[in-house]
Amino acid sequence: MRTQMTAQVKSVAGALGAYEQAWDTIQWHHAKMYVRRLQIRIAKAYREGKPGKVKALQWLLTHSQSAKLLAVKRVTENRGANTPGVDKVVWRTAKQKMKAVSTLKRRGYQPQPLRRIYIPKKQAGKLRPLSIPTMQCRAQQALYLLALEPIVETIADKNAYGFRPYRSTADAIERCFKVLARKSSAQYIFEGDIQSCFDEISHPWLLSNIPMDKAMLAKWLKTGYMENEVLFPTNGGVPQGGLISPALLTITLSGLETLLERITTKRDRVHLCTYADDFIITGVTSEVLEKTVRPALDSFLSERGLALSPTKTRVTHIKEGFDFLGVNIRKYKGKLLCRPSKGNIKTFLLDLRHTIKSNATAKTENLIYVLNPKIRGWANYHSHICAKATFAKVDAYIFGTVNQHPIGTT
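The structure contained in this document is the topic of the report that follows. Fair warning: this is a prediction, and the values are worked out from it, not measured in the lab.

What counts as what
Residues numbered from 1 in each chain as written. Predicted model: local features only at pLDDT ≥ 70, side-chain atom pairs only at ≥ 80, totals over all residues. Heavy atoms only, no water. Salt bridge = Lys/Arg side-chain N within 4 Å of Asp/Glu carboxyl O. Helix = DSSP H or I, 4+ residues; strand = E, 2+ residues; numbered from the N terminus. Core = buried A, V, L, I, M, F, W, Y, C linked by side-chain atoms within 4.5 Å. Buried < 20%, exposed > 50% of the residue type's maximum accessible area, 1.4 Å probe, protein only. Contact = heavy atoms within 4.5 Å. Patch = residues over 30% accessible without salt bridge, like charges linked within 9 Å, V, L, I, M, F, W, Y side chains within 5 Å. Areas by Shrake-Rupley, 256 points an atom, 1.4 Å probe, with all protein chains shown as cover. Lys, Arg positive; Asp, Glu negative; His and termini not counted. Charge placed at Lys NZ, Arg CZ, Asp CG, Glu CD. Pairing = 2+ DSSP bridges. Axes fitted to C-alpha atoms, helices over the stretch in contact; angles between N-to-C directions. Left-handed = near helix turned anticlockwise from the far one by under 90°. Phe/Tyr/Trp six-rings, centres within 6.5 Å; stacked < 30°, edge-to-face > 60°.

Bringing the pattern of salt bridges into the picture now. Charged atoms that come close allow side chains of opposite charge to pair. Within the structure shown, the criterion is met by nine salt bridges. Across the pair Glu-77 and Lys-73 runs a salt bridge whose closest N-O atoms are separated by 3.1 Å. Residue Glu-77 and its partner Lys-73 are both found in helix H4 (residues 65–77); the two are separated by four residues, about one turn of the helix. When the shortest N-O distance is used, the salt bridge between Asp-213 and Arg-106 registers 2.6 Å. In this pair, Asp-213 is assigned in the loop between helix H9 (203–209) and helix H10 (214–221) and Arg-106 in the loop between helix H5 (94–102) and strand S1 (114–120), connecting sequence segments 107 residues apart.

To continue, consider the nonpolar core. The biggest cluster of nonpolar side chains holds 72 residues, and the ones touching the most others in it are Leu-148 and Ile-281. Not counting residues within four places of it along the chain, the set of residues in contact with Leu-148 comprises Gln-58, Ile-210, Pro-211, Met-212, Ile-244, Ala-247, Leu-248 and Ile-251. Counting 19 residues, the second-largest nonpolar core is a separate cluster that includes Ile-173, Phe-324, Ile-329 and Ala-387.

A few words on a positive patch on the surface. Taken together, the side chains of Arg-41, Lys-44, Arg-47 and Lys-53 present a region of like positive charge at the surface. The dominant element in the positive patch, judged by the number of residues it contributes, is helix H2 (residues 28–47), at three residues. Tracing the backbone through its elements, the reader meets Lys-44 in helix H2.

What follows concerns the sheet that holds strand S9 (residues 322–324). On the basis of which strands lie adjacent, the open sheet formed by three strands has the order S9-S10-S11 and antiparallel pairing. Strands at the two margins of the open sheet, each flanked by one partner only, are S9 and strand S11 (335–340). Taking the axes of each pair of neighbouring strands and ignoring which way they run, one obtains an average angle of 30° across the sheet. Taken together, the three bridges between S9 and strand S10 (residues 327–332) define a ladder with antiparallel strand orientation. Looking at S10, one finds that Phe-322 is bridged to Ile-329.

The next thing to look at is the packing of helix H3 (residues 51–62) against helix H6 (residues 135–155). Running from N to C, H3 and H6 point in directions that differ by 145°, and their axes come no closer than 8 Å. The hand of the H3/H6 crossing is right-handed. Across the interface between the two elements, Val-54, Gln-58, Leu-61 and Thr-62 of H3 pack against Leu-143, Tyr-144, Leu-146, Ala-147, Leu-148 and Ile-151 of H6.

What follows is about the pairing of strand S3 (residues 188–193). Among the six residues in S3, five count as buried, and that is most of the element. Relative to strand S7 (residues 278–283), S3 runs antiparallel, the two being bridged by six bridges. Directly across from Asp-193, in S7, lies its bridge partner Asp-278. Note that S3 and strand S8 (residues 314–317) share four bridges and pair antiparallel. Following the sheet pairing, Glu-191 is matched in S8 by Arg-314.

In this structure the tally under the stated criterion is seven aromatic pairs. Here the aromatic rings of Tyr-144 and Trp-220 are separated by 5.9 Å at their centres, their planes lie at 75°, and the arrangement is edge-to-face. Of this pair, Tyr-144 sits in helix H6 while Trp-220 sits in helix H10, and the two are 76 residues apart along the sequence. On the basis of relative accessibility, which here comes to 6%, the residue Tyr-144 falls in the buried class. Measuring from centroid to centroid gives 6.3 Å for Phe-163 and Phe-198, while their planes differ by 75°, and the two rings are edge-to-face. Linking Phe-163 in the loop between H6 and helix H7 (169–180) with Phe-198 in helix H8 (residues 197–200), this pair joins segments that are 35 residues apart in sequence. Overall, Phe-163 belongs to the partly exposed group, its relative accessible area being 42%.

This part is about the sheet that holds S1. Spatially, four strands are ordered S2-S1-S4-S5 in an open sheet, and the strand pairing comes out mixed. Each end of this open sheet is capped by a strand with a single partner; those strands are strand S2 (127–132) and strand S5 (230–232). Within the sheet, the average angular offset between the axes of one strand and its neighbour, ignoring direction, is 45°. Pairing between strand S4 (residues 225–227) and S5: three bridges, direction antiparallel. Bridged to Met-226 within S5 is Leu-231.

So this is what it looks like as structure tokens:
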């Protein structure tokens, strides 16, 4: 098998010189198998406490032809594949992709500034900064992410669900149900939200604690961003829009679950559920959460340059309920209910209303074509919770809104 893999890599390398091999004839399963074996060896070496071997295996992976092919494939097939960076370059053709593979070299690599844009946040009138790397930088990040992912999965908290393969918001809500549904379950919830999480992570902490090529990481952290044709420096945080940023955030927040287990007892019924920078912590009393958990949490985050959001962080009783990942969770007459949150419903209905109004002259089938993915996506998101009554209300709203704004005929 090793001989076959070597032959495959050599054949691909030879084709790169003339850019003759068709992109769709590459045997992707061989490339994935090769990278997967290296990732398993990296994870094993990390668990065994062999940093030298980890570094050697990561170097081997990031310099392999298979990993470079997969990196280019990832950035040219994801949702942002047609979004250029400051150089306005997009890789579309097979020739461009094959040529891009040959440019993924560590020596001489210098990242270009990020392209800064703003997207609306859930809060009305507020915008979230999004920094878009060039295709070249995205591919480099995808390449080094392949070497970092096995370590992320090794050290990530057991109940962290954001930016993890084979995990979703549904798993996070299930975790909440398991730790809150019983009669003996904790009654208080610490709703945590980290203020400007991506933008405030300490660069020194990242460079000291992220087990990857430090020189490459430093370049991405200090690359700066362009806004209105002006270059701004980046002195802290990781860019929202970078492929490697979610992995960096996951490692940054890893260890929180272990900390909570160390400072509390089973009687305190302290349980953690994390999704990206949002999390909840359960506790038997509000005193446990305020006097034991919060000080330790503040210290943990401070080391990483982070702090809790004063407006979004609070302690709530389960009977009052709380919103988490678009779901309202509360106990009513001893029964735990998980339903779509009011804010989530409002945002969804406003989006539908705007879509219907902006397509007032569209043909019926065209409007249906636009609405169906939105409705289907929202319904699938809430399909695992108590949403039957909400679905009926949303259905009636859509029907009423369409009648208020007559559309074109077929």
